[in-house]
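# Summary of structural features
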Amino acid sequence: MTSQSNVPPEVNTVVVSGRVVTRKGLSRTSFGAWLLKFSLENSITLPGETPDQTRHKTAIISVQAWGESARKLDRQLKKGSFVIVEGRLSSISYEDRRKVIHHRMELTASDVQILDAPD
Amino acid sequence: MPALNKVVITGNLVDDPRTNILQNGVNVANFRIASSRSYRGRDNEWHQKTCFVDVVAWRRTAELISSRLRKGSPVLVEGELQTSSWQAQDGTRRSRVEILARRVQFLERADQEGVSEPVQREESSYAGGETESEDQDYEDIPF
C-alpha cells in the first residue's frame, strides 16, 4: 500500500492463451511506433450438467503488440496460431453518435509465444 | 495446448457497484474500476495512464462487494477474462470483455471508516466448483 489513502499499488497483469482468429497487418503510428493487432479465442472446457457431458466457455480478446515484438510477430503470426500472451489490460474510450462514452478493453502484450502454427 | 486465462489488477471503483438478486436467489455484482499506471514518457517526465475495466462477481463475493465497496474504494481483483453478450435496448447485439472475479481483496484503510487500526484487508472468494453454475446464471442477467 502507498502512503496515500485509497491509492492502491499498481498491479495489472494478464496471461492468456488461445488461437488467433483475426489479425491485421503491421502498421506504423503517427509517432513512428510499429503496431500489430490481432484477436484470440480463449476456450476452456467445463463440466456439463451430467458427468458424461462437457461444455465450452469462450472469450474473444483483442491484443496489441508494439515495437520490435510487433515486427517479429508480423513475420510469424498466422490466423490459427496458438499463442500464450502476457501483458496488461488497457482500454480505448470512444463516443458514439448519441454522445455516450464507451470503453473497450484490450490486452497490450509484453510477450507473445507461438506454440503451434496452422499447416 | 495449455488453457490459460488469469488476470490480477488493482484499481478504484468509478461508481457504486450495481448489485442484483436473480430469480434463483443468486447474487450478482457489476462494477467498473479505474486502474492507473505510471510511466516515463519520451519527454523523460512521469505520466499516468488509466484504463477502465468492467468486473462481474457472483454469490458470496457479490454480497460482500455490495456491503463493503463504494465509489472510490480501492480493490485488488483476481479472475479471468470473459466475453459477455447481451441485447441492447435498440435491439442490437452487444458484447464486451470483462473480468469474472474469482477473488476480491478490499484494500480500504480501516481508519478511513473511523476505526483506528492498521490497514485492514478482507478477502472474498468462492469455490471453483461453482464455475459452471455461474455461466448458467449470467444468461439471466436483465442488464
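## Overview of the overall build of chain A
When helices and strands are tallied, chain A shows one helix and six strands. Mapped from its N terminus to its C terminus, chain A presents α and β elements in the order β-β-β-β-α-β-β. Computed over C-alpha atoms, the radius of gyration of chain A comes to 18 Å, more than 25% over the 14 Å expected from 2.2 N^0.38 for 119 residues, which places it beyond the range of a compact globule. With respect to the three principal axes, the spread of C-alpha positions in chain A is 50 × 40 × 40 Å. For chain A, with 119 residues in total, the buried portion stands at 35%. Summarising the internal contacts of chain A: among those between residues at least 6 apart in sequence, 55% fall at separations of at least 24. For chain A, the accessible area works out to roughly 7000 Å², and carbon and sulfur atoms hold 49% of it. Charge-centre separation for chain A: the mean point of 17 positive side chains lies 8 Å from the mean point of 13 negative side chains.

## Some details on the interface of chain A and chain B
Facing the 39 residues of chain A at the interface are 44 residues of chain B. Taking both sides of the interface into account, the surface hidden between chain A and chain B amounts to around 3500 Å²; carbon and sulfur atoms contribute 57%. At the junction of chain A and chain B, the tally comes to one salt bridge. A salt bridge links A:K57 to B:E80; the nearest nitrogen and oxygen atoms lie 3.3 Å apart. Linking chain A to chain B there are 13 residue pairs in polar contact (both at pLDDT 80 or more). Among the secondary structure elements, those contributing two or more residues to the side of chain A that touches chain B are strand 1 (12-23), strand 3 (34-47), strand 4 (54-66), strand 5 (82-95) and strand 6 (101-116) of chain A.

## Digging into the pairing of strand 3 (residues 27-40) of chain B
All names here are of chain B. Note that strand 1 (residues 5-13) and strand 3 share two bridges and pair antiparallel. In the strand pairing of strand 3, L13 is matched with I33. Pairing of strand 2 (residues 18-21) with strand 3, which is carried by four bridges, proceeds in the antiparallel orientation. Opposite I21, over in strand 3, you have N27 as the bridge partner. From the end of strand 2 to the start of strand 3, which pair antiparallel, there are five residues, and G25 there has a positive phi angle of about 85 degrees. The hairpin formed by strand 3 and strand 4 (residues 46-58) contains five residues between the paired strands, and N44 there has a positive phi angle of roughly 70 degrees.

## Digging into the side chain of B:E80
For B:E80, the location among the structural elements is in strand 5 (residues 74-87). In terms of polar contacts, B:E80 uses its side chain to reach the side chain of A:K57, at 3.3 Å.

## Digging into the layout of surface pockets
Considered as a void within the structure, the second largest pocket measures approximately 510 Å³ in volume. Lining of the second largest pocket is provided by 20 residues; of these, A:W66, A:R88, A:T108, B:R37 and B:K49 occupy positions nearest its centre. Elements with a minimum of two residues in the lining of the second largest pocket: strand 4, strand 5 and strand 6 of chain A together with strand 3 and strand 4 of chain B. Residue contributions to the lining of the second largest pocket peak at five residues, all from strand 5 of chain A.

## Overview of the confidence of the model for chain B
All names here are of chain B. The predicted model of chain B averages 79 in pLDDT, with 76% of residues at 70 or higher. Taken element by element, chain B is modelled with least confidence in helix 2 (residues 131-138), mean pLDDT 34, and with most confidence in strand 1, mean pLDDT 96. Per-residue pLDDT stays below 50 along residues 112-123; that stretch engages in 25 contacts with residues further than four places along the chain or on separate chains. In the model output, the complex is listed with pTM 0.81 alongside ipTM 0.86.

## Focus: the environment of A:G87
All names here are of chain A. Its location among the elements puts G87 in strand 5. Between the C-alpha atom of G87 and that of E106, which follows or precedes it by 19 residues, the distance is 10 Å. Among residues more than four places away in sequence, those in contact with G87 are N12, T13, V14, L107, T108, A109 and S110.

## Some remarks on the nonpolar core
Nonpolar side chains tend to gather and get buried jointly when the protein is soluble and globular. Of all hydrophobic cores here, the largest spans 42 residues; its most connected members are A:F38, A:V85, A:L89, B:V53 and B:I99. Broken down by element, the residue count for this core peaks at five residues, all from strand 6 (residues 93-106) of chain B. With near-sequence residues (within four places) excluded, B:I99 lies in contact with A:L89, B:V7, B:I9, B:V53, B:D54, B:V55, B:V56, B:V77, B:G79, B:E80 and B:L81. Grouped together as the second largest cluster of nonpolar side chains are six residues, B:L22, B:V26, B:V56 and B:W58 included.

What counts, and at which threshold
- Residues numbered from 1 in each chain as written.
- Chains lettered and ligands numbered in written order.
- Predicted model: local features only at pLDDT ≥ 70, side-chain atom pairs only at ≥ 80, totals over all residues.
- Heavy atoms only, no water.
- Helix = DSSP H or I, 4+ residues; strand = E, 2+ residues; numbered from the N terminus.
- Rg over C-alpha atoms; globule rule 2.2 N^0.38 Å.
- Buried < 20%, exposed > 50% of the residue type's maximum accessible area, 1.4 Å probe, protein only.
- Contact = heavy atoms within 4.5 Å.
- Areas by Shrake-Rupley, 256 points an atom, 1.4 Å probe, with all protein chains shown as cover.
- Lys, Arg positive; Asp, Glu negative; His and termini not counted.
- Charge placed at Lys NZ, Arg CZ, Asp CG, Glu CD.
- Buried area = accessible area lost by both parts, 1.4 Å probe.
- Salt bridge = Lys/Arg side-chain N within 4 Å of Asp/Glu carboxyl O.
- Polar contact = N/O pair within 3.5 Å; in protein donor to acceptor, adjacent residues only side chain to side chain.
- Pairing = 2+ DSSP bridges.
- 1 Å grid on protein atoms, 1.4 Å probe; cavity = no way out; pocket = protein on both sides within 12 Å on 5 of 7 lines; lining within 4 Å.
- Points joined across faces, edges and corners; volume = space filled by probe spheres on them.
- pLDDT = per-residue confidence, 0-100.
- Core = buried A, V, L, I, M, F, W, Y, C linked by side-chain atoms within 4.5 Å.

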